[in-house]
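For reference, the chains in residue letters:
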Number of protein chains: 2
Amino acid sequence: VKNDELAAIAALVRRLPGSPPGETWIGDDCAVVAAPNGPLLLAADTVVDGVHADLRVTTVADLGWKALARNVSDIAAMGGRPLHALVTVVVPPEGGAMIDPLYDGLLEAALAYGCAIVGGDLTSGPRLVVTVAITGTVDGTPVLRSGARAGDAILVTGPLGGGAADLRARIAGRSARPPARLAEGEVARLAGATAMIDLSDGLALDLRRLAAASGVGAIVDAVPVADGATQTDAMTGGEDYELLLTAADASAMRAAFVRAGLREPIAIGRIVEGDEVLGIPEGGWRHRW
Amino acid sequence: VKNDELAAIAALVRRLPGSPPGETWIGDDCAVVAAPNGPLLLAADTVVDGVHADLRVTTVADLGWKALARNVSDIAAMGGRPLHALVTVVVPPEGGAMIDPLYDGLLEAALAYGCAIVGGDLTSGPRLVVTVAITGTVDGTPVLRSGARAGDAILVTGPLGGGAADLRARIAGRSARPPARLAEGEVARLAGATAMIDLSDGLALDLRRLAAASGVGAIVDAVPVADGATQTDAMTGGEDYELLLTAADASAMRAAFVRAGLREPIAIGRIVEGDEVLGIPEGGWRHRW
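### Some points on the relation of the copies chain B and chain A
Then, in step 1: Between the two copies, chain B and chain A, the superposition gives an RMSD of 0.0 Å; the rotation angle is 180 degrees and the shift along the axis is 0.0 Å. Such a combination of turn and shift is consistent with a two-fold rotation axis.
Then, in step 2: When you check the interface residues of chain B against chain A, 100% turn up at the interface there too, and the contact is symmetric in its surfaces.

And the structure:
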């Protein structure tokens, strides 16, 4: 039975891989890991049942996948690679049976993206809340949001709106495991991307974030729309996790992706002087309270 | 007005100190910070309103303090020092006015313990949930839970049961800002502590954790009781945040604390062979679901 924290943690420790020599993962006050040689990347993100995911139409395992993948996506948007994750879970009343499938999804994403779960916290509360904090590094210089310059092309790593379309499809029972574009982020960095962001809150909002951070404007010409998605899904729908990047030379960027065996990124517009973002409505996902 | 995520984050960014040259804190997909020279310590902990704290008797600022201090306490229990914190907040409906006082408490603890808040996430949900993930390092070898050996003395950095007594006092309006014994943890490490743990879940449970990790037993002779606390509070009450440590030479350990200008740690018993923990009842805080 996993009806309390101690039993649940003991069961988790048996599932998680052991730590390498010289490191200490689960089971102490802190995890002890080797510091990276390059810069340390840090991010954290929360998934709340009923807000970011709906357990009436999403499995607990898919929610676990998503909680980890959205953090890996933040590392991807720097051109980095993930190292470690800390997972804290608020377990709702009678929710003990969720822990195993939740960790199924978390561990599958951890394996897929080469990120070790090294610690965290299990606690009780009114609703399932999964917070993942992630560390990573870059073998070089991270790609910030602030480097876009007038004249740069704007590209995305895939058609957009899939997140919003998937949500409708899930109501029909489809799985929902958003990707994290880790390989794409690294290739973009190596090929000279000037700025990059992941599209978790929708193109309309995230492009404006990148433009504001860079002190530039942007003009969007045309947006590739994912299968089953609408133009509005593609413009303002969140939960896409494709990367948006800018580059001085769009052709060279596309060629670098092809050489790496990745899908060609799609040019959607260009960076201009000023502070206006044209060709795309206001919108995007934001929490309200 | 802070009625949505974007306005609230903009307000927070104005409150938080700027990042040093070469680092990027709030405002990108990840924070970018320098990696420590020594090992990287990682921990995360969640505070849920109504579970770890009760906003009917605790201020939001005190809850913020506690959310950060309990993570610093985990770093202290390794003999380390904190570096960076990521703060994720689930804001309840109509809870926008909580964000400012919450960050008052978080930032006061961050200042007190020399730990920079470099990123995180703001999201909506049914109840206030504050998750802090922390990084730290050690200028030497971290003190694990697993190093206690038969013959070691068991010491605590202060009288126990204060957390449980404070909870009763708070019902009468007293503040609640648990300390993190950062200086004590470092002195204990430098003076040769063989094992260490912070007492967040109560002596009964946390001593058993340390004994199990070290593969030893323990005998508790007498436990110092905090003002206003009962023997039961001191044995099994949680939320104390004093450190429990073991040392081959209790006198040398006490002398090191005195030399550092800290309160003398109190010997409460000794480590023995076997796996039994005697002189203290079963008990301690554990979440159930």
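Next comes the rest of the write-up.
### Things to note about the packing of helix H5 (residues 182–190) of chain B against helix H8 (residues 250–259) of chain B
All names here are of chain B.
Then, in step 1: At a minimum axis separation of 10 Å, H5 and H8 run at an interaxial angle of 135 degrees. Classified by the angle between their axes, H5 and H8 sit oblique to one another. The handedness of the crossing between H5 and H8 is right-handed. Side by side, H5 and H8 meet where Glu184, Val187 and Ala188 of the first sit next to Met253, Ala256 and Phe257 of the second.
Then, in step 2: Here the contact of H5 with H8 is composed, by residue class, of five nonpolar, no polar and one charged.

### Considerations on the pairing of strand S4 (residues 116–124) of chain A
Moving residue by residue along a regular strand, the side chains alternate between the two faces of the sheet.
All names here are of chain A.
Then, in step 1: For S4, the tally of buried residues reaches eight of nine residues, placing the bulk of the element in the interior.
Then, in step 2: Two elements, strand S3 (residues 81–91) and S4, share eight bridges in a ladder whose sense is parallel. Note that in S4 the partner of Val87 across the bridge is Gly120.
Then, in step 3: Regarding the hand of the β-α-β motif, the stretch spanning S3, helix H3 (residues 99–113) and S4 is right-handed.

### A word on the sheet that holds strand S10 (residues 266–272) of chain A
All names here are of chain A.
Then, in step 1: Across the sheet, which stays open at both edges, the six strands sit in the order S7-S9-S6-S10-S8-S11 with mixed pairing between neighbours. Each edge of the open sheet carries a strand with a single partner, namely strand S7 (195–198) and strand S11 (277–278).
Then, in step 2: One ladder, built from four bridges, connects strand S6 (residues 153–156) with S10; its direction is antiparallel. Its bridge partner lying in S10, Leu155 is registered against Ala267.
Then, in step 3: This element, helix H2 (residues 60–76), spans S7 and strand S9 (243–247) of the sheet and lies at about 175 degrees to S7.

### A short note on the pairing of strand S8 (residues 217–220) of chain A
All names here are of chain A.
Then, in step 1: For S8 and S10, the ladder comprises four bridges, and the chain directions are antiparallel. Among the inter-strand pairings, Gly217 is bridged to a residue of S10, identified as Val272.
Then, in step 2: Examined bridge by bridge, S8 and S11 share two bridges and lie parallel to one another. Note on S11: the bridge partner recorded for Ala218 is Val277.

### Some words on the packing of H2 of chain A against H3 of chain A
All names here are of chain A.
Then, in step 1: In the contact formed by H2 and H3, the axes pass within 6 Å of each other and the chain directions differ by 35 degrees. In this structure, H2 crosses over H3, and the sense of that crossing is right-handed. Counted together, Val60, Ala61, Leu63, Gly64, Trp65, Ala67, Leu68, Ala69 and Val72 of H2 and Pro101, Leu102, Asp104, Gly105, Leu106, Glu108, Ala109, Ala110, Ala112 and Tyr113 of H3 form the full contact between these two elements.
Then, in step 2: By residue class, the composition of the contact of H2 with H3 is 15 nonpolar, two polar and two charged.

Criteria and thresholds
Sequence order as written defines residue numbering, which begins from 1 separately in each chain. All chains are assigned letters beginning with A, and all ligands numbers beginning with 1, in the order in which they are written. Reporting of local features is limited, given that this is a predicted model, to residues whose pLDDT is at least 70; pairs of side-chain atoms are given and counted only at 80 or more, and all residues count toward the totals for whole chains, interfaces and linings. Water and hydrogen atoms play no part in the side-chain values, which are based on all heavy atoms of the structure. When the copies are overlaid, the least-squares fit takes in C-alpha atoms only where the residue has pLDDT of at least 70 in both copies. In this analysis, two residues are considered to be in contact whenever any of their non-hydrogen atoms come within 4.5 Å of each other. Every axis in this analysis is a line fitted to C-alpha atoms, fitted for helices over the stretch in contact. Angles between the N-to-C directions lie between 0 and 180 degrees. Secondary structure elements follow DSSP: runs of H or I no shorter than four residues count as helices, runs of E no shorter than two count as strands, and numbering proceeds from the N terminus. Each angle gets one of four labels, with under 35 degrees taken as roughly parallel, over 145 as roughly antiparallel, 65 to 115 as roughly perpendicular, and the rest as oblique. Note on convention: near helix rotated counterclockwise from far helix by under a right angle means a left-handed crossing. Clockwise means right-handed. All amino acids are sorted into three groups, where Ala, Val, Leu, Ile, Met, Phe, Trp, Tyr, Cys and Pro are nonpolar, Asp, Glu, Lys and Arg are charged, and the leftover types, Gly among them, are polar. Residue burial is assigned from relative accessible area. The probe radius is 1.4 Å, only protein chains are included, and a residue is buried under 20% of its type maximum, exposed over 50%, and partly exposed in between. Think of it this way: DSSP has to see at least two bridges between two strands before they count as a pair. By definition, the crossover connecting two strands over a helix is right-handed if that path, from the first strand to the second, turns clockwise as seen with the strands pointing away from the viewer.

From the geometry alone we can't say anything about function, so treat these as descriptive.
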